[in-house]
Amino acid sequence: MLTKSVICSVLLSSLFVVSINAQIYANGTVLSDDGIIACTRTGPQCDDDCVTLLLCAAGVVDPLETVDCRTSSPSTPYCNENKCSRTPGACSSASTFRCTSPGIFPDPTNCSRYVSCDENSVGGEGVALECAKGFFYNSEINICQMGRLTPHSKVCNTVDCSQKTNEVVVYRSNPTYYAFCFVDPETSRRETMMFKCDSNDELYDPNQGECVFECKRPGHFQDPTNCYYYYVCSASLGTFKAERIKCPPNYYFDGERCTTDSSKCSPEAIEGAEMEI
């Protein structure tokens, strides 16, 4: 069981830069979590918590004054566009990332950041990492990649929850991930909570409201939701077609064949099989 400190030491000790096919990749570095309130410009500006207004002087990091929009003016409890506002607006870039399952997640609001979560951090905060300047996080291969981002980039896109409340949004760069947009009633902050499908062979389907298996290559693949079943993927007219097949009674698919040994089934797939009995 990895702890947060162990993850940090492993990640920091394995930093590297590599070039593959003229493309440069590198690991990110762990971000510190100091919680410091600091001015980055002259005049009023919203703090990262999206409810505090900072009054800042030129060249001074510490704010002259701080205004809590929630208590100073209850009718305008949010900080948006450098003033207290009735609506949260787009202020969500510094929302606290909460782990929803073990794994590595792209930061939904910042393409240069990602978060590592283990079993102990589920429901809480994971380890936040940041790519070096000029790099962005590629969630398909779980590493920082050098390059320029465009609004239609296929490698990384942010999730915009500024106009969405209680809605699910697919992470377009990698539909294995999806997000839920909501406003936290305790902090009045607009939040983006990231989720990941149980298997990398699954994609979130907004029409069905759940993760579904998708063929990415020919072969036989275990059903990530039920170990009694497997998919046969075959190519047809440039696309892949999936056929779901069930093993004989009391047999499990281990990735290659149907067998009585369930040791190669994930806990989720075992649970799905047991629910069918």
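Residues numbered from 1 in each chain as written. Predicted model: local features only at pLDDT ≥ 70, side-chain atom pairs only at ≥ 80, totals over all residues. Heavy atoms only, no water.

1. What about the packing of aromatic side chains?
Turning to step 1, where the next piece is worked out: What the rule picks out here adds up to eleven aromatic pairs.
Turning to step 2, where the next piece is worked out: Ring centres of Tyr178 and Phe195 lie 5.6 Å apart, and the angle between their planes is 15 degrees; on these two criteria the pair is classed as stacked. Of the two residues, Tyr178 is situated in strand β15 (residues 177-183) and Phe195 in strand β16 (residues 190-196); the sequence distance between them amounts to 17 residues.
Turning to step 3, where the next piece is worked out: Pairing Tyr230 with Phe253 gives two aromatic rings, centres 4.4 Å apart and planes at 15 degrees, and the pair type is stacked. Here Phe253 lies in strand β22 (residues 252-253) and Tyr230 lies in strand β20 (residues 229-236), a separation of 23 residues in the sequence.
Turning to step 4, where the next piece is worked out: Tyr230 gets classed as buried once you look at its relative accessible area, which sits at 13%.
Turning to step 5, where the next piece is worked out: Among the residues examined, Phe253 registers a relative accessible area of 1% and is labelled buried. (Phe/Tyr/Trp six-rings, centres within 6.5 Å; stacked < 30°, edge-to-face > 60°. Helix = DSSP H or I, 4+ residues; strand = E, 2+ residues; numbered from the N terminus. Buried < 20%, exposed > 50% of the residue type's maximum accessible area, 1.4 Å probe, protein only.)

2. Looking at the sheet that holds strand β10 (residues 113-117)
Paired through their backbone hydrogen bonds, the strands of a sheet run either parallel or antiparallel.
Turning to step 1, where the next piece is worked out: Strand order in the open sheet made by the four strands is β3-β11-β10-β9, with antiparallel pairing throughout. In this open sheet, the two strands that pair with only one neighbour each are β3 (29-30) and β9 (103-106). (Pairing = 2+ DSSP bridges.)

3. Some remarks on the sheet that holds strand β14 (residues 167-170)
Turning to step 1, where the next piece is worked out: Read across the sheet, three strands follow the order β14-β15-β16 without closing on themselves; strand pairing throughout is antiparallel. Two strands close off the open sheet at either side, each with one partner strand: β14 and β16. The average undirected angle you get between the axes of adjacent strands in this sheet is 30 degrees. (Axes fitted to C-alpha atoms, helices over the stretch in contact; angles between N-to-C directions.)

4. As for the pairing of β15
Turning to step 1, where the next piece is worked out: Within β15, five of the seven residues are buried, which leaves it mostly tucked inside the rest of the structure.
Turning to step 2, where the next piece is worked out: Sheet topology note: the β14/β15 ladder contains four bridges and is antiparallel. Pairing of Glu167 across the sheet is with Cys181, part of β15.
Turning to step 3, where the next piece is worked out: Joining the antiparallel neighbours β14 and β15 is a turn of six residues.
Turning to step 4, where the next piece is worked out: Note that β15 and β16 share seven bridges and pair antiparallel. Paired with Phe182 across the strands is Glu191, a residue of β16.

5. Looking at the environment of Ile270
Turning to step 1, where the next piece is worked out: Of note, Ile270 is situated in helix α3 (residues 267-276).
Turning to step 2, where the next piece is worked out: Exposure remark for Ile270: the relative accessible area of 19% places this residue in the buried category.
Turning to step 3, where the next piece is worked out: For the pair formed by Ile270 and Tyr252, sequence separation is 18 residues and the distance between their alpha carbons is 9.0 Å.
Turning to step 4, where the next piece is worked out: If near-sequence neighbours (up to four positions away) are discounted, Ile270 is found in contact with Cys227, Tyr252, Ser262 and Cys265. (Contact = heavy atoms within 4.5 Å.)

6. Some details on empty space enclosed by the protein
Turning to step 1, where the next piece is worked out: Applying the stated criterion across every chain yields a total of one cavity of 30 Å³ or more.
Turning to step 2, where the next piece is worked out: Estimates place the volume of the largest cavity at around 30 Å³.
Turning to step 3, where the next piece is worked out: Lining the largest cavity, in full, are Thr96, Phe97, Arg98, Phe182, Glu191, Thr192 and Met193.
Turning to step 4, where the next piece is worked out: For the lining of the largest cavity, a count of residues per class yields three nonpolar, two polar and two charged. (1 Å grid on protein atoms, 1.4 Å probe; cavity = no way out; pocket = protein on both sides within 12 Å on 5 of 7 lines; lining within 4 Å. Points joined across faces, edges and corners; volume = space filled by probe spheres on them. Nonpolar A, V, L, I, M, F, W, Y, C, P; charged D, E, K, R; others polar.)

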